[in-house]
Amino acid sequence: MGKSTSSRRGRPPISNQVIRVGGAIALPSIVREHGIDADALIAEVGLQAAVFDHPDNVIPFAKLGELGHLAAERTGLSDLGLRACMQTGLVMLGTVGYLVANSATVGAGLACLQSYLHLHDEGAAPYFQQEGSLAVLGYDVLEPELLGAEQIVFGALAIAANLLREICGAGFALREVSFAYRAPSDTSAFVVHFAAPVRFDADRNAVVFDAAFLKHPIAGASPLLRDFLASQLRDKERIGEGGVARDRIQRVMRTLLATGCISQDEVAQAFGMNRRTFARRLQESGTTFRALLDAVRFDAARVLLRGSAVSLEDVANRLGYADVTAFARAFRRWSGASPAVWRRKHGAVV
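The following paragraphs examine the structure supplied in this document. (Residues numbered from 1 in each chain as written. Predicted model: local features only at pLDDT ≥ 70, side-chain atom pairs only at ≥ 80, totals over all residues. Heavy atoms only, no water.)

1. Remarks on helix 11 (residues 246–259)
Side chains of residues three or four places apart in an α-helix project in the same direction, reflecting 3.6 residues per turn.
Then, number 1: With 14 residues, helix 11 extends 20 Å between its outermost C-alpha atoms, agreeing within 8% with the 20 Å of an ideal straight helix rising 1.5 Å per residue.
Then, number 2: When you tally the buried positions in helix 11, you get 11 out of 14 residues, the bulk of the element.
Then, number 3: Gly 260 lies just past helix 11 and shows a positive phi near 75°. (Helix = DSSP H or I, 4+ residues; strand = E, 2+ residues; numbered from the N terminus. Expected span 1.5 Å × (residues − 1). Buried < 20%, exposed > 50% of the residue type's maximum accessible area, 1.4 Å probe, protein only.)

Structure below.
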């Protein structure tokens, strides 16, 4: 079998990426409650049941998606990912969660989450931005064809809501929640958990809240502990001298694409380089900014086209194109087919 498109374009296959068990630790118990042999189901996807004994254990990101997909099918719970993470908070995010909890303000904490969540979750890109009077915390799965991606996203946004409630304190409420996936058969648990309007078939996976909370100090935060944790995380992500890992670059680019601020200058700045130095580093590794941007846009486009019924206009806008025509031209260059034709062939069944 030939290599996948994403592999050919330079991003390591998602099967190589891992995620801490963290918030998914409750998944086996939910499966058992519905009369399913959880240990056998976990073994069916090639994992050992013992990995769910502790939140710090890591498993392949793709295996978590496959497990979520099978568990949803066997239990009949199309919202299983949400249910598995409804009680999950900051503590399940390990060191990253503790850093967020000890940041000076909510905004600073979310910036840390965006910068360091990849150390906890290699298969997705979180992003945080302000849109006028609103703030957005989003989560994008990196692999377009990942089985069970919607279950992972359901869980991730459930955790995002709990995280915000913890650090924002009294008076906090979500304004809106959106998913770039089709609605499950029963959405009642979403309404209860988020206590806000929930949209499906949207152009992003995100929770939205009042931006005024970004300036709120986080109760009980310790500056000394914050500095220690930040130092630990910086050491953990430090890369070798003279190079930047390509998958790390594309992860940053995916985050910037979601926030609408992607440019070569912005990406270079994220790595502490000027534009010229960054371009030289890319050239030394056999690629260019344009090639990486095409790969990131292609992945993001396929996620939206495959998982939801979002309009082509919204997809083009989300990817930074001036209009649908420009987006369609680029997509045909990448895939050999128009977005509409590709969606009919690869899109999930409604």
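2. Here we look at the pairing of strand 7 (residues 206–210)
Then, number 1: The buried fraction of strand 7 is high, at four of five residues.
Then, number 2: The sheet contact formed by strand 5 (residues 174–178) and strand 7 spans four bridges and is antiparallel. Across the sheet, Ser 178 pairs through a bridge with Ala 206, a residue of strand 7. (Pairing = 2+ DSSP bridges.)

3. Describing the side chain of Asp 294
Then, number 1: Looking at where Asp 294 falls in the secondary structure, it is placed in helix 14 (residues 289–307).
Then, number 2: Using a relative accessible area of 11% as the deciding quantity, one classes Asp 294 as buried.
Then, number 3: Here Arg 333 takes part through its side chain, which lies 3.3 Å from a polar atom of the side chain of Asp 294. (Polar contact = N/O pair within 3.5 Å; in protein donor to acceptor, adjacent residues only side chain to side chain.)

4. Here we look at the pairing of strand 3 (residues 124–131)
Then, number 1: Most of strand 3 sits out of view: six of its eight residues are buried.
Then, number 2: When strand 3 meets strand 4 (residues 134–141), the two strands line up antiparallel, connected through eight bridges. When the bridges of strand 4 are listed, Ala 125 appears paired with Asp 140.
Then, number 3: Here strand 3 hands over to strand 4 after two residues, with Gly 132 in that stretch at a positive phi of 65°.

5. Quick look at the environment of Val 198
Then, number 1: Position of Val 198 relative to the elements: it lies in strand 6 (residues 198–199).
Then, number 2: Aside from chain neighbours lying at most four places away, what touches Val 198 is Val 177, Phe 179 and Phe 190. (Contact = heavy atoms within 4.5 Å.)

6. Description of the packing of aromatic side chains
Then, number 1: Under the defined criterion, the tally for this structure stands at 16 aromatic pairs.
Then, number 2: Ring centres of Phe 154 and Phe 200 lie 6.5 Å apart, and the angle between their planes is 90°; this geometry places the pair in the edge-to-face category. Of this pair, Phe 154 sits in helix 8 (residues 149–168) while Phe 200 sits in the loop between strand 6 and strand 7, and the two are 46 residues apart along the sequence. Considered together, Phe 154 and Phe 200 belong to a single accessibility category, that of buried residues.
Then, number 3: Ring geometry for Phe 331 and Trp 334: centres 6.3 Å apart, planes at 70°, overall edge-to-face. A residue pair is termed a helical-turn pair when its members lie 3 or 4 positions apart in one helix, as Phe 331 and Trp 334 do in helix 16 (residues 324–335) at three residues. (Phe/Tyr/Trp six-rings, centres within 6.5 Å; stacked < 30°, edge-to-face > 60°.)

7. So, the environment of His 120
Then, number 1: Inspection of the secondary structure assignment puts His 120 in the loop between helix 7 (106–116) and strand 3.
Then, number 2: According to the relative accessible area criterion, His 120 is buried, its value standing at 8%.
Then, number 3: Once the C-alpha coordinates of His 120 and Met 92 are considered, the two residues, 28 residues apart in sequence, prove to be 10.0 Å apart.
Then, number 4: Ignoring sequence-local partners within four residues, the contact set of His 120 consists of Val 18, Ile 19, Arg 20, Met 92, Leu 93 and Val 96.
Then, number 5: A distance of 2.9 Å separates polar atoms of two side chains, one belonging to His 120 and the other to Arg 20.

8. Some remarks on the sheet that holds strand 3
Within a sheet, each strand pairs with its neighbour through backbone hydrogen bonds, oriented either parallel or antiparallel.
Then, number 1: Read from one edge of the open sheet, five strands run 3-4-7-5-6, paired in mixed fashion. Each edge of the open sheet is held by one strand with a lone partner, namely strand 3 and strand 6.
Then, number 2: Note: strand 4 against strand 7, five bridges, orientation antiparallel. Across the sheet, the residue bridging to Leu 137 is Val 207, located in strand 7.
Then, number 3: Lying on the sheet, helix 7 is in contact with strand 3, strand 4 and strand 7; it crosses strand 3 at an angle near 150°. (Axes fitted to C-alpha atoms, helices over the stretch in contact; angles between N-to-C directions.)

9. Observations concerning the environment of Asp 79
Then, number 1: In this structure, Asp 79 sits in the loop between helix 4 (61–75) and helix 5 (80–85).
Then, number 2: Residues Asp 79 and Ala 189, 110 residues apart in the sequence, show an inter-C-alpha distance of 7.7 Å.
Then, number 3: Apart from residues no more than four positions distant in its own chain, Asp 79 is found in contact with Gln 151, Phe 154, Asp 186, Ala 189 and Phe 190.

10. Describing the side chain of Gln 151
Then, number 1: Structurally, Gln 151 can be placed in helix 8.
Then, number 2: Those residues in contact with Gln 151, other than ones at most four positions away along the chain, are Gly 68, His 69, Ala 72, Ser 78, Asp 79, Leu 80 and Gly 81.

11. Concerning the pattern of salt bridges
Then, number 1: Inspection of every chain in the model, using the stated rule, returns 14 salt bridges.
Then, number 2: Here Asp 140 and Arg 254 are joined by a salt bridge, their closest N and O atoms 3.8 Å apart. With Asp 140 in strand 4 and Arg 254 in helix 11, this pair connects stretches of sequence that are 114 residues apart.
Then, number 3: Owing to a relative accessible area of 15%, Asp 140 belongs among the buried residues under this scheme.
Then, number 4: Overall, the relative accessible area of 5% leaves Arg 254 in the buried class.
Then, number 5: For Asp 299, the salt bridge goes to Arg 302, with nearest N and O atoms at 2.4 Å. Taken together, the residues span about one helical turn, with Asp 299 and Arg 302 both in helix 14 at a distance of three residues.
Then, number 6: A relative accessible area of 5% means that Asp 299 is categorised as buried.
Then, number 7: When its relative accessible area of 4% is taken as the criterion, Arg 302 is described as buried. (Salt bridge = Lys/Arg side-chain N within 4 Å of Asp/Glu carboxyl O.)

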